[in-house]
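Overview (structure and organization)
Here are the chains, one letter per residue:
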Amino acid sequence: MTTALTVKDLTRVYPGGGGVRGIGFTADEHAVTAVIGPNGAGKTVLFSIIAGLAQAESGTVDFASPKARVAYCPDVPQFESWLTALEVVETSLAVSRESTGRVRIARGTGGDGFARGALEACGLGSVMDRRVADFSRGMLQRLGIAAALVTDPEILILDEPNSALDPIGRADVRDIITEQKRHRCILLSSHMLSEVEQLADHIVVIDQGRVVTRGTTASILTDGLEPVWTIRLGAPAQISAADLAVAVPEARFEFETDTLCTARFRSFEAAGSQLMTALHIFRSPVIEVTLRDRDLDASFARIVQNQEHR
Ligand SMILES: Nc1ncnc2c1ncn2[C@@H]1O[C@H](COP(=O)(O)OP(=O)(O)OP(=O)(O)O)[C@@H](O)[C@H]1O
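The present account deals with the structure reproduced in this document. (Residues numbered from 1 in each chain as written. Predicted model: local features only at pLDDT ≥ 70, side-chain atom pairs only at ≥ 80, totals over all residues. Heavy atoms only, no water.)

1. Describing the layout of surface pockets
The condition is simple: The way it works is a 1 Å grid over only the protein atoms, where trapped points that fit a 1.4 Å probe form a cavity and open points with protein on both sides within 12 Å along at least five of seven lines form a pocket, and then any residue with an atom within 4 Å of a point lines it. Grid points are joined across faces, edges and corners, and a volume is the space filled by probe spheres set on the points. Runs of E in the DSSP output that reach at least two residues are strands. Runs of H or I that reach at least four are helices, and both are numbered from the N terminus. Ten residue types, Ala, Val, Leu, Ile, Met, Phe, Trp, Tyr, Cys and Pro, are classed as nonpolar, four, Asp, Glu, Lys and Arg, as charged, and the remainder, Gly among them, as polar.
Volume-wise, the largest pocket comes out at about 570 Å³. Listed by contribution, the elements that provide at least two residues to the lining of the largest pocket are β5 (70-73), α2 (85-100) and α4 (137-149). With seven residues, the single largest contributor to the lining of the largest pocket is α2. A per-class count over the lining of the largest pocket returns 14 nonpolar, eight polar and two charged.

This is the structure we're talking about:
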């Protein structure tokens with residue numbers, strides 16, 4: 001993975017005490033980095049500084065490419081209501097060309113790569129000539145992404161792109177993000193941690209303007225968790241818990257029913273190397289394997305609470 005963005009020691013404190021204080025992290029190309037944190041944690045301030053919309057008092061934001069283009073899509077994008085979707089995106093493209101003098105074909109937008117392509121990529125191809133006045137919230141959110149995408153940014157910042165969307169709208173935005181991460185570095189914030197879990201490669205947790213923890217989504221998910229898996233079998237296991245323990249000495253097994261077994265490993269490392277072995281030994285079809293208490297909402301609450309008690 002190549003680093004697309006390096007943020008170091010970024011500080012901007014507003015008179016009321018809110019803002020960001022010494023934030024640092026990196027974000028990779030072709031990956032989604034999610035910044036999560038409670039209300040008022042400083043996510044929007046951080047994104048605004050990276051996008052060049054607000055000034056930091058100290059610290060640096062470095063891009064891998066010196067001419068990197070950054071596009072910022074706010075959580076509630078607002079447009080002139082009398083414009084059509086196509087006009088909105090064309091205006092975004094024109095403003096971007098004016099400010100950089102560059103003409104580029106946006107990657108991953110299909111078609112000719114310009115306004116129509118960006119609208120198609122965001123599922124708005126059939127309504128591009130409609131005025132945005134009667135667009136739903138979900139359509140406006142997708143239009144905001146199209147207006148950002150048309151500039152073909154190296155860094156695409158999406159501030160709560162799925163807030164207030166219904167499940168179909170969220171799935172649409174998820175598909176757009178998954179496709180677009182093939183072409184750029186995406187920074188994302190969201191309070192919908194189930195979405196973050198599905199989309200993010202890396203997570204930065206911030207609270208009160210500071211980074212509390214950061215890591216891969218898997219490492220954040222397992223932070224503070226016990227390495228215990230629940231294994232559901234399609235038919236009764238052909239082996240006892242005692243024999244399983246002999247075959248996989250790094251774990252303790254307990255059958256709750258003859259098709260539901262708990263495997264408690266000594267560590268995540270041990271599970272990484274031996275869980276698959278254990279699954280084979282049941283000699284019975286495995287229907288489901290679930291890490292117990294695996295839940296990003298719970299991990300997030302635990303991380304933030306631990307921070308507050310320090
Ligand atoms: N222009 C400003 N003037 C004064 N305070 C500000 C300004 N912008 C942000 N803040 C303060 O900085 C803090 C962080 O705000 P920010 O909007 O970045 O939080 P957030 O993490 O995006 O929250 P949310 O999840 O609610 O959107 C808040 O306390 C906010 O009041």
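That was the structure; now back to the text.
2. A word on the site of the ligand
In plain terms, the rule: Any residue with at least one heavy atom within 4 Å of a molecule or strand is counted as near it. Polar contact is the term for a pair of N or O atoms within 3.5 Å; when the atoms are in protein, one must be able to donate a hydrogen and the other to accept it, and sequence-neighboring residues count only if both atoms are side-chain atoms. Residue-level accessible areas treat just the shown protein chains as cover; the underlying method is Shrake-Rupley with a 1.4 Å probe.
The environment of the ligand is made up of 13 residues, and the closest members are N39, G40, K43, T44 and H191. Here G42 contributes a backbone N or O atom positioned 2.9 Å from an oxygen atom of the ligand. Bound to the protein, the ligand loses 60% of the 630 Å² it would expose on its own. For the shell around the ligand, the element with the most residues is helix α1 (residues 43-50), which contributes three residues. Classifying every residue of the shell around the ligand gives four nonpolar, seven polar and two charged.

3. Some details on the sheet that holds strand β11 (residues 251-257)
Test applied: Two strands make a pair as long as DSSP finds a minimum of two bridges between them. To get an axis, a line is fitted to the C-alpha atoms, and for a helix only the part in contact is used. The angle between two axes follows their N-to-C directions and goes from 0 to 180 degrees.
The sheet built from four strands is open, its strands ordered β11-β12-β10-β13 with antiparallel pairing. Looking at which strands have only one partner, the edges of the open sheet turn out to be β11 and β13 (286-291). Geometrically, the sheet is characterised by an average inter-axis angle of 20° between neighbouring strands, direction not taken into account. Sheet topology places β11 next to strand β12 (residues 260-265); six bridges connect them, and they run antiparallel.

4. Remarks on unusual backbone geometry
Excluding glycine, most residues fall at negative phi; most peptide bonds, likewise, are trans. Applied cut-off: Only protein chains enter the accessibility calculation, which uses a 1.4 Å probe; a residue whose area is less than 20% of its type maximum is buried, one above 50% is exposed, and one in between is partly exposed.
With a phi angle near 50°, D9 is a residue other than glycine that sits in the positive phi range. Positionally, D9 belongs in strand β1 (residues 3-13). Classification of D9 by relative accessible area gives exposed; the value is 53%. A positive phi angle, near 50°, is found at E160, a position not held by glycine. Examined against the element boundaries, E160 turns out to sit in the loop between β6 (155-159) and α5 (167-180). Residue E160 is classed as buried on the basis of its relative accessible area, which comes to 16%.

5. Thoughts on α4
We apply this condition: Here the expected length of a helix is defined as 1.5 Å per residue gap, with one fewer gap than residues.
Its 13 residues give α4 an end-to-end C-alpha distance of 18 Å, which sits within 8% of 18 Å, the value for a rise of 1.5 Å per residue. Among the 13 residues of α4, eleven are classified as buried, and the element is accordingly described as predominantly covered.

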